[in-house]
Amino acid sequence: LCFSALPALFKEELRDEEAKEGEAVTLRCELTKPAPVEWKKGHTALKPSEKYKMRQKDVTAELVIHDLAESDA
């Protein structure tokens, strides 16, 4: 017998969020099972920094973007 693990899928996908320039916003997604999440803007992977904070607990992943600018849209 050969078993292959099912991939993690989005149980709850990202939703559009509104915030004002200079504020912070939290983006959140929920997966069907625990798996590493890579946050990207276009084709560029985001790295933890003063601007981007990433948190993940079990099946929930969050990205907090601080000091929002128009270019973050």
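The model shown is predicted, which means the values in this text are computed figures rather than measured ones.

(A) Looking closely at the side chain of Glu-62. One can find Glu-62 in strand β6 (residues 60–65). For Glu-62, a relative accessible area of 14% gives the class buried. Of the polar contacts made by the side chain of Glu-62, one reaches the side chain of Arg-28; its length is 2.7 Å. Engagement of the side chain of Glu-62 in a polar contact is seen with the side chain of Arg-55, the distance being 2.7 Å. If sequence neighbours within four positions are ignored, Glu-62 has contacts with Thr-26, Leu-27, Arg-28, Trp-39, Lys-53, Met-54 and Arg-55.

(B) Just unusual backbone geometry, in detail. Phi at Asp-58 is positive, roughly 55°, even though this residue is not glycine. Structurally, Asp-58 is set in the loop between β5 (52–57) and β6. According to the relative accessible area criterion, Asp-58 is exposed, its value standing at 54%. Of note in this structure, Asp-67 is not a glycine but carries a positive phi near 50°. With respect to the secondary-structure elements, Asp-67 resides in the segment after β6. The exposed category is assigned to Asp-67, whose relative accessible area is 56%.

Scoring rules and cut-offs
Per chain, residues are indexed from 1 in the order of the written sequence. Local features in this predicted model are restricted to residues whose pLDDT is 70 or higher, and side-chain atom pairs enter the listing and the counts only when it is 80 or higher, whereas totals over whole chains, interfaces and linings include all residues. Side-chain measures were taken over the full set of non-hydrogen atoms in the model, leaving aside hydrogen atoms and water. The secondary structure listing takes helices from DSSP runs of H or I that are at least 4 residues long and strands from runs of E that are at least 2 residues long, numbered from the N terminus. Between buried and exposed lies partly exposed: a residue is buried under 20% and exposed over 50% of the maximum accessible area for its type, with that area taken using a 1.4 Å probe on protein chains only. N or O atoms within 3.5 Å of each other form a polar contact, as long as, within protein, one can give a hydrogen and the other can take it, and as long as residues adjacent in sequence are counted only when both atoms are side-chain atoms. The contact criterion used is simple: two residues touch if any of their non-hydrogen atoms lie within 4.5 Å.

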